[in-house]
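# Structural characterization, general
Chain residues, written in single-letter form:
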Amino acid sequence: MVDVNDIKNGMTLLIEGNIYQIVSFLHVKPGKGSAFMKTKMLNMRTNSTIERTFNTNVKFEEARIDRIKVSYLYEDNGTYNFMDNVTFDQFELSSEQIGNTKNFLKENMEVEITKYGNELLGIQLPEKVEYVITRTEPAVKGNTTNNTTKEAIIETGLMVRVPLFIEEGESIIVTTEDGKYYSRA
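Quick caveat: nothing in here was measured; it's all calculated off a predicted structure. Throughout this document, residue positions are counted from 1 along each chain, in the order its sequence is written. Only residues with pLDDT of at least 70 are given local features in this predicted model, and only at 80 or more are side-chain atom pairs given and counted; all residues enter the totals for whole chains, interfaces and linings. As a convention, hydrogens and water are excluded, and side-chain values are obtained from all of the structure's heavy atoms.

## Some words on the layout of surface pockets
One way to see where empty space is left: roll a probe the size of a water molecule over the atoms. The condition that has to hold: We place a 1 Å grid over just the protein atoms. Points where a 1.4 Å probe fits but has no way out form a cavity, open points with protein on both sides within 12 Å along at least 5 of 7 lines form a pocket, and any residue with an atom within 4 Å of a point lines it. Grid points are joined across faces, edges and corners, and a volume is the space filled by probe spheres set on the points. Helix and strand definitions here come from DSSP, where helices need a minimum of 4 consecutive H or I residues and strands a minimum of 2 consecutive E residues; each element is numbered from the N-terminal end. In this classification, the charged set is Asp, Glu, Lys and Arg, the nonpolar set is Ala, Val, Leu, Ile, Met, Phe, Trp, Tyr, Cys and Pro, and all remaining amino acids, among them Gly, are polar.
Here the largest pocket defines a volume of roughly 630 Å³. When contributions to the lining of the largest pocket are tallied by element, the ones reaching two or more residues are helix 1 (95-98) and strand 11 (119-124). Sorting elements by how many residues they give to the lining of the largest pocket places strand 11 first, with 4 residues. Across the lining of the largest pocket, the residue classes break down as 7 nonpolar, 10 polar and 3 charged.

If you want it as structure tokens, here you go:
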């Protein structure tokens, strides 16, 4: 059991039958009344974020989350298939479990599957990934305004805003947290 005063960012807890990961917390001690803990938590089953307030005398059960390195194989009618890099076991995750991370998946990409017991919760992508630009407009000569960007479609179909000098067929690095251009590859 974990005392509410001992929680830390990234910790996973079992609360009312759901698995939550602590995103942020704040210990509040008002002038009058008892202290409490304000938390922002990510539901690991639904990928939704909630904010909750708890009294300081509450205890929670810690949820032991396993992370397995896997390779993304392919998508088939909304089912995403992965293979364990050590045991070669194969896993299937639904489109709901994958969420928006499907926009960043490419074949043979190494990711981590998060697991609670035998339940597959979702995947964790690398922080930055290299992609090839499949479609973009050519730069307009003479357009040198600072920080000017254009739309580009990467190999997964995701639209990314890139600087004007990036051309079709080039490789770029994209941050998977926000889907933004990071640099040339």
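## Side note on unusual backbone geometry
To keep things clear, this is the line we draw: Any residue under 20% of the maximum accessible area for its type is buried, any over 50% is exposed, and the rest in between are partly exposed; the area is computed with a 1.4 Å probe on protein chains only.
Phi is positive for E16, which is not a glycine, with a value near 50 degrees. With respect to the helices, strands and loops of the structure, E16 is situated in the loop between strand 2 (12-15) and strand 3 (18-28). Among the residues examined, E16 registers a relative accessible area of 65% and is labelled exposed.

## Describing the sheet that holds strand 8 (residues 79-84)
Short version of the rule: Whether two strands pair comes down to DSSP finding at least two bridges between them. To get an axis, fit a line to the C-alpha atoms, keeping to the stretch in contact for a helix; angles then go from 0 to 180 degrees between the N-to-C directions.
Within the open sheet, the 5 strands sit side by side as 9-8-7-10-11. Their pairing is antiparallel. Two strands in the sheet have a free side with no partner beyond their single neighbour: strand 9 (90-94) and strand 11. Pairs of neighbouring strands in the sheet enclose a mean axial angle of 45 degrees, with direction left out of account. Bridge count between strand 7 (residues 65-76) and strand 8: 6 bridges; the pairing is antiparallel. Across the sheet, residue Y74 finds its bridge partner in strand 8, namely N81.

## Some remarks on the packing of aromatic side chains
We count it as follows: In summary, the pairing rule links any two rings of Phe, Tyr or Trp, Trp by its six-membered ring, whose centres are within 6.5 Å, and it sorts them by plane angle into stacked for under 30 degrees, edge-to-face for over 60 and tilted for everything else.
Across all of its chains, the model carries 3 aromatic pairs by this definition. Each ring, one from Y72 and one from Y80, has its centre 6.3 Å from the other, and the planes form 35 degrees; the classification is tilted. According to the relative accessible area criterion, Y80 is buried, its value standing at 8%. Within the aromatic cluster, the residues linked to one another by ring pairs are Y72, Y80 and F82.

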